[in-house]
Number of protein chains: 2
Amino acid sequence: MKATIKDVARVAGVSPSTVSRALHGSDRISEPMRRRIQQIAREMDFHPNQMARSLVNRETRIIGIVFPDDAGMNLGNPFYPAVLQGLGHAASNERYQMLLITGSKEIPAAEAARAAMDSGYVSGLILLTAEDAPPLEANVPVVVIGHPTDADKRCYVDNNNVQAAYDAAKHLLENGHRSIGLLGFESKYVFTADRRRGVQQALQEAGLQLNHAWLFPAGACRTQAERLREVFAQPQRPTAVVCMDDLMAIELARTLRGFGLLVPQDVSLISFNNTELGRYHQPALTTIDVHPYQLGVKAMQLMLEILSGKTAPPAAIDVPFTLIPRDSVIKLNTGSKTHA
Amino acid sequence: MKATIKDVARVAGVSPSTVSRALHGSDRISEPMRRRIQQIAREMDFHPNQMARSLVNRETRIIGIVFPDDAGMNLGNPFYPAVLQGLGHAASNERYQMLLITGSKEIPAAEAARAAMDSGYVSGLILLTAEDAPPLEANVPVVVIGHPTDADKRCYVDNNNVQAAYDAAKHLLENGHRSIGLLGFESKYVFTADRRRGVQQALQEAGLQLNHAWLFPAGACRTQAERLREVFAQPQRPTAVVCMDDLMAIELARTLRGFGLLVPQDVSLISFNNTELGRYHQPALTTIDVHPYQLGVKAMQLMLEILSGKTAPPAAIDVPFTLIPRDSVIKLNTGSKTHA
DNA sequence: TGAACGTATGAAAACGTTTGCACAATTTCA
DNA sequence: TGAAATTGTGCAAACGTTTTCATACGTTCA
């Protein structure tokens, strides 16, 4: 049986209240007494029962982490794990715990999240997706990772995806590309919509338009191989493509090779997420690191600040991204005959 | 303020005990009363406070999931996410929650796990790694995913990695390969040691030996490029390699191409983990699916059975693997002049 | 020397449940 | 018809803390 505060009190010959005070710093208690009790508690291997503490404090020191329903988890890219690590480190520094909330076939994530709130498991909720129509009428603070549609009323942490894609496109333009495609656009994901907008902006500033025929969904290499082949068979084909993820870029590179097109000689590629695999790909991918670890850290820090009252609810944090130039983008000799 | 059981009791004109009984099925209570109370509870949106329940029941319905320290998470392969999904689904079916326990720079995972136990957060612990010298003197049940060294005293869920690697090697042998290398061996990981053993067994049965010069660590393509080059420059080079992960196989394929060797024409590759990327690789990878999702499901189920007393502590579960033949292994014409 | 005050401690209530026991009401049996 | 068994309900204790309030003791000051 684990020692309780009463056991410690009995051994120390004091009351439970005194023990409680001794262990939680702050309060009115004499220094020698504090030391003595802490010593005894240590010897008895006493650890306060958190359930009991939560009950009286009405605060669990547990943050619920809500995973998206559509199992974005098995994307096969290290985005979620990295975010999770960031969250975990920031939480454990403040001795907070994380409750994993995943949906299942029977119970969607939103419902599971609600249940966790209702039954008092969590003091806060962090949503790993901006898409899940997250509950706004929550009775605990909610922080979103990503860009919610009703951003103004919310707490969220995100990259500036418009800017990131703008920079990506700009990078291509500066390298002489004027025919730019986009791989991985999925209207249901706000971040891909944002990125599309960024690309569009950069093109417009250069007096160009985003060619809708060059807009491909995530699985295009598998599901729209024919369409891809046609697009890249034309004389006026994209000389560069912005890919939503390194893995997509790698897939695309292979698909293009099937068409007799090489990266970067024939087509330049810039992608997102700076994965290991992209770094060691041949050619090494020019990519944008969105710093998922930082996304996690910041989200947790924001949550903790809200809980401690340091920050008031509608608050947004922007995590800077980094464009990493490598070998998958080539400088086009200007005066090229290919154009949009 | 959320409604408590007392509020419900007051509205229903009964005692809290009666409400409690009405909501938890089983006990002695009349059917009409039960219905009436359940109805009222629903109307009042009452949800029992789990902290209070845990306190009296001494059971939190929370399972701690311990991540490895060395952030194996950012391996970039979907192994952990898939396991997590399996765990999550199995847990939520039984209305259990998962507490994510990750180590940090300051606090190693093992310590964090101990803290979670000590402070009564969790009713059980599932370790996502067999390596972290997990606490055996735990005061809650512990289930390990992987093969712990002191397996006989433990509860664990694992593939038979010896057998899996044996089958992989056998597959190569049956295709006429007699010169077989191994990529990704790390003595600190039990599963790679197991797999090495499996390969060795298969080779021995065929009257062959595992050539130690053909044993490469995980990062070999990056860190031992020269050694690789030498090995594959020799006339008696491996005609096939067993890789610990699809990603390694892909990396190796690329590295070999740099040496002028093609997969599968010059070197056959068989790997583990059946990733998307491997499936769409050119050539499609022959790989072994270890069914990480199932690993998660089984681990959680085992935990739940132990908690309910249905299963007694030392219990092992073997999750079957699947060898998926694709295009990265080629049949060698027998009578080949290359041999070990 | 006594009043006023600060300081260290304890007693007890509270947090929201569950559950053993007692008890009343009803049914069953001889 | 009365005793015994069964059934449905309430009371109160318990789970392990924290915290408010009261109190006892030493100081300090007039």
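Residues numbered from 1 in each chain as written. Chains lettered and ligands numbered in written order. Predicted model: local features only at pLDDT ≥ 70, side-chain atom pairs only at ≥ 80, totals over all residues. Heavy atoms only, no water.

### Some words on the overall build of chain A
Counting its secondary structure elements, chain A contains 13 helices and 12 strands. Principal-axis analysis of the C-alpha atoms places the extent of chain A at approximately 90 × 35 × 35 Å. For chain A, the proportion of its 340 residues judged to be buried stands at 54%. Residue pairs in contact within chain A that sit at least 24 positions apart in sequence constitute 68% of those at least 6 positions apart. Computing the positive centroid from 35 side-chain charges and the negative centroid from 34, chain A places the two 5 Å apart. (Helix = DSSP H or I, 4+ residues; strand = E, 2+ residues; numbered from the N terminus. Buried < 20%, exposed > 50% of the residue type's maximum accessible area, 1.4 Å probe, protein only. Contact = heavy atoms within 4.5 Å. Lys, Arg positive; Asp, Glu negative; His and termini not counted. Charge placed at Lys NZ, Arg CZ, Asp CG, Glu CD.)

### Some words on the relation of the copies chain A and chain B
With an axial shift of 0.0 Å and an RMSD of 0.2 Å, the rotation relating chain A to chain B amounts to 180°. Both copies of the chain, as the preceding transformation shows, are related through a two-fold rotation axis. The rotation axis passes nearest to the C-alpha of Leu99(A) in chain A, at a distance of 2.3 Å. A high fraction, 100%, of the interface residues of chain A reappear at the interface in chain B, so the copies pair face to face through one surface. (Least-squares fit on C-alpha atoms with pLDDT ≥ 70 in both.)

### Thoughts on the interface of chain A and chain B
Each side of the interface is counted separately: chain A has 50 residues, and chain B has 50 residues. Summed over both partners, the interface of chain A with chain B comes to about 5100 Å²; 61% of that surface belongs to carbon and sulfur atoms. At the surface where chain A touches chain B, the tally comes to zero salt bridges. Our enumeration of links across chain A and chain B arrives at 12 residue pairs in polar contact (both at pLDDT 80 or more). Mapped by element, the contributors of at least two residues to the side of chain A that touches chain B are α4 (50–57), α5 (79–93), β2 (97–101), α6 (109–118), α11 (246–258) and α12 (276–279) of chain A. At seven residues, the largest contribution of residues to the side of chain A that touches chain B is made by α5(A). (Buried area = accessible area lost by both parts, 1.4 Å probe. Salt bridge = Lys/Arg side-chain N within 4 Å of Asp/Glu carboxyl O. Polar contact = N/O pair within 3.5 Å; in protein donor to acceptor, adjacent residues only side chain to side chain.)

### Here's the deal with the pattern of salt bridges
Residue and element names in this part refer to chain A. Tallying each qualifying case throughout the model produces 12 salt bridges over all chains. Across the pair Arg 10 and Asp 7 runs a salt bridge whose closest N-O atoms are separated by 2.6 Å. With Arg 10 and Asp 7 both in helix α1 (residues 5–12), this residue pair falls three residues apart, about one helical turn. A salt bridge links Arg 197 to Asp 194, with the shortest nitrogen-to-oxygen separation between them at 3.2 Å. Of this pair, Arg 197 and Asp 194 are both found in helix α8 (residues 190–205), three residues apart, which corresponds to roughly one turn of the helix.

### Some thoughts on the environment of His281(A)
Residue and element names in this part refer to chain A. Along the chain, His 281 turns up in the loop between α12 and β10 (286–289). Overall, His 281 belongs to the buried group, its relative accessible area being 9%. Separated by 31 residues in sequence, His 281 and Ile 250 have C-alpha atoms that sit 7.6 Å apart. Within the structure, His 281 has its side chain in polar contact with the backbone oxygen of Pro 283 (distance 3.0 Å).

### As for the sheet that holds strand β7 (residues 215–216) of chain A
Strands belonging to one sheet form pairs held by backbone hydrogen bonds; the direction of such a pair is parallel or antiparallel. All names here are of chain A. One open sheet accounts for six strands, arranged β7-β6-β8-β9-β10-β12; its pairing is mixed. Strands at the two margins of the open sheet, each flanked by one partner only, are β7 and β12 (322–324). Direction of pairing for strand β8 (residues 240–243) relative to strand β9 (residues 268–272): parallel, over a ladder of three bridges. Residue pairing in the sheet places Val 242 in a bridge with Ile 270 of β9. Sitting on the sheet, α11 touches β6 (180–183), β8, β9 and β10, and the angle it makes with β9 is about 155°. (Pairing = 2+ DSSP bridges. Axes fitted to C-alpha atoms, helices over the stretch in contact; angles between N-to-C directions.)

### Overview of the environment of Pro48(B)
Relative to the elements of secondary structure, Pro48(B) occurs in the loop between α3 (31–43) and α4 (50–57). Among the residues examined, Pro48(B) registers a relative accessible area of 27% and is labelled partly exposed. Distance from Pro48(B) to Ala116(B), taken between C-alpha atoms, is 23 Å for residues 68 residues apart in sequence. Residue contacts for Pro48(B): discarding those within four places in its chain leaves Ser119(A) and Arg53(B).

### What about the protein's contact with DNA strand D?
Ile5(A), Ser20(A), His24(A), Thr18(B) and Arg58(B) are the nearest of the 28 residues found near DNA strand D. Across the atoms of DNA strand D situated within 4 Å of the protein, the share located in sugar and phosphate is 58%. For DNA strand D, a phosphate oxygen lies 2.6 Å from a polar atom in the backbone of Ile5(A). The contact in question runs from a phosphate oxygen of DNA strand D to an N or O atom on the side chain of Arg58(B), over 2.8 Å. Counting only elements with at least two residues in the surface near DNA strand D, the list comes to α1, α2 (16–23) and α4 of chain A together with α2 (16–23) and α4 of chain B. Ranked by residue count, the leading element in the surface near DNA strand D is α4(A), at four residues. (Near = heavy atom within 4 Å.)

### Quick word on the pairing of β2(A)
In terms of burial, β2(A) is largely enclosed, as five of its five residues are buried. Side chains of β2(A) alternate between two faces, with Gln97(A), Leu99(A) and Ile101(A) and Met98(A) and Leu100(A) buried alike. With five bridges connecting them, strand β1 (residues 62–66) of chain A and β2(A) associate as parallel partners. Following the sheet pairing, Ile62(A) is matched in β2(A) by Gln97(A). Pairing of β2(A) with strand β2 (residues 97–101) of chain B, which is carried by three bridges, proceeds in the antiparallel orientation. What sits directly across from Leu100(A), in β2(B), is Met98(B).

### Notes on the side chain of Ser328(B)
Following the sequence through the fold, Ser328(B) ends up in the segment after β12 (322–324). Aside from chain neighbours lying at most four places away, what touches Ser328(B) is Val263(B), Pro264(B), Val267(B), Ser268(B), Leu269(B), Pro283(B), Ala284(B), Leu285(B) and Thr286(B).

### Digging into the nonpolar core
Core analysis: the biggest nonpolar cluster contains 96 residues, and Leu252(A), Leu269(A), Leu252(B) and Leu269(B) have the highest contact counts within it. The residues contacting Leu269(A), other than those within four sequence positions of it, are Val241(A), Cys243(A), Ala249(A), Leu252(A), Ala253(A), Val263(A), Thr286(A), Ser328(A) and Val329(A). Residues Ala91(A), Val319(A), Ala91(B) and Val297(B) belong to the second largest nonpolar core, which totals 56 residues. (Core = buried A, V, L, I, M, F, W, Y, C linked by side-chain atoms within 4.5 Å.)

### Quick look at the protein's contact with DNA strand C
Close to DNA strand C lie 28 residues, the nearest being Thr18(A), Ile5(B), Ser20(B), His24(B) and Arg53(B). Take the atoms of DNA strand C that sit within 4 Å of the protein: sugar and phosphate atoms are 61% of them. Separating a phosphate oxygen of DNA strand C from a side-chain N or O atom of Arg58(A) is a distance of 2.9 Å. Separating a phosphate oxygen of DNA strand C from a side-chain N or O atom of Arg53(B) is a distance of 2.8 Å. Those elements giving two or more residues to the surface near DNA strand C turn out to be α2 and α4 of chain A together with α1 (5–12), α2 and α4 of chain B. Of the residues forming the surface near DNA strand C, the biggest block, four residues, is contributed by α4(B).

### Some thoughts on the domain arrangement of chain A
Domain annotation for chain A reports domain 1 (5–48), domain 2 (62–159 + 292–319) and domain 3 (161–290). For domain 1 of chain A versus domain 2 of chain A, the distance between C-alpha centres works out to 36 Å. (Domains from an automatic or database assignment.)

### Some thoughts on the confidence of the model for chain A
Close inspection of predicted coordinates is inappropriate for parts of the model with low pLDDT. Within chain A, residue pLDDT values average 86, and 93% of them lie at 70 or more. Within the model, pLDDT remains below 50 along residues 336–340 of chain A, and this stretch shows eight contacts once partners closer than five positions in the same chain are excluded. (pLDDT = per-residue confidence, 0-100.)

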